[in-house]
Amino acid sequence: MSDALLIGISARIYHPITPVADIGGIFTRTLHYLEQSVAHWVLQPDALALMIPPVEREGLLQPSEVSLADYAQRLDGLVLQGGADVAPESYGETPLAPAWAGDRVRDRYEIELFNAFVAAGKPVIGICRGCQLINVAFGGTLYQDISTQVPTAIAHVDDARYDNQFHEVSLVQGSRLAGLYPGTHRAEINSIHHQAIKDLGRELNIEAVAVPDGLIEAVRWRGPSYVFGMQWHPEFMAQRQFHPDQLDGRPILREFLDAARARRHG
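1. Quick word on the pattern of salt bridges
According to the stated counting rule, one finds 15 salt bridges in the structure shown. The shortest N-O distance in the salt bridge between E93 and K198 comes to 3.0 Å. Separated by 105 residues along the polypeptide, E93 in the loop between β5 (77-80) and α3 (104-119) and K198 in the loop between β10 (196-197) and β11 (204-211) bring together distant segments of the chain. The class of E93 is partly exposed, set by a relative accessible area of 21%. Here K198 falls in the partly exposed class, since its relative accessible area comes to 27%. Note that R220 is salt-bridged to E255, the shortest N-O span being 3.5 Å. In this pair, R220 sits in strand β12 (residues 216-221) while E255 sits in helix α8 (residues 250-265), placing the two residues 35 residues apart along the sequence. When salt bridges with common partners are traced through the structure, they connect D3, D46, D76, R254, D258, R261 and R264 into a single cluster.

2. Notes on the side chain of D85
Inspection of the secondary structure assignment puts D85 in the loop between β5 and α3. Here D85 is buried and forms no salt bridge, its nearest opposite-charge partner R129 lying at an N-O distance of 7.0 Å. Within the local environment of D85, its side chain forms a polar contact with the side chain of H194, the two groups lying 2.8 Å apart.

Rules used throughout
- Residues numbered from 1 in each chain as written.
- Predicted model: local features only at pLDDT ≥ 70, side-chain atom pairs only at ≥ 80, totals over all residues.
- Heavy atoms only, no water.
- Salt bridge = Lys/Arg side-chain N within 4 Å of Asp/Glu carboxyl O.
- Helix = DSSP H or I, 4+ residues; strand = E, 2+ residues; numbered from the N terminus.
- Buried < 20%, exposed > 50% of the residue type's maximum accessible area, 1.4 Å probe, protein only.
- Lys, Arg positive; Asp, Glu negative; His and termini not counted.
- Polar contact = N/O pair within 3.5 Å; in protein donor to acceptor, adjacent residues only side chain to side chain.

Geometric descriptors of this kind do not, in isolation, establish any biological role.
So this is what it looks like as structure tokens:
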């Protein structure tokens, strides 16, 4: 493992809920944490997974002498994991409802982290929220709530079914994503999101759309380094076969790790 890739994973952030005295213990503190399934999806014989804690030299988080650019220089690639909504303020809007306020602190941290890896030419892959964050970082916008703003859309989230909620996705033929699955035009992906890409960010190509509503499900940057985002969670599907036609996430992971290795030796 001496030559193993070092893959950073952005942290989720737990903010203490008031009144914290009613919760007690560790939940009175701000927590940075990593979804186990994401870490296990990334862990390979040639890859190690490391969580990157939020740090800022100034701003909303405690100032630090260490910068996120330091991580971008040392690590081989970045995974932006899922979680809380992207705050509407991060793409120039105000929340349409209090429940959709999102996590502005996490947005600031992940956008800075994303920009640092892109500037370093290191591969980035975004999962669910991570896909939306990539779009916002490139100047795009989001639907704050699909069922409210796109009433004709299919159900993209079902709290009762959670990771067993599936719908069909169409791969854009001729795209790099479609090239990973020769002969596949449509497949089933899990769907655990109530936000979605609205206005596409700069220099992003659409590589998959939901069937039949056409909402964007995957994007890729046209720039010089690897940046890919998908709305679904391949790490959940890696655990077991939820659906007979579910899209295998292994080709996507291998493409990302291959890009990381090529960048290390390039």
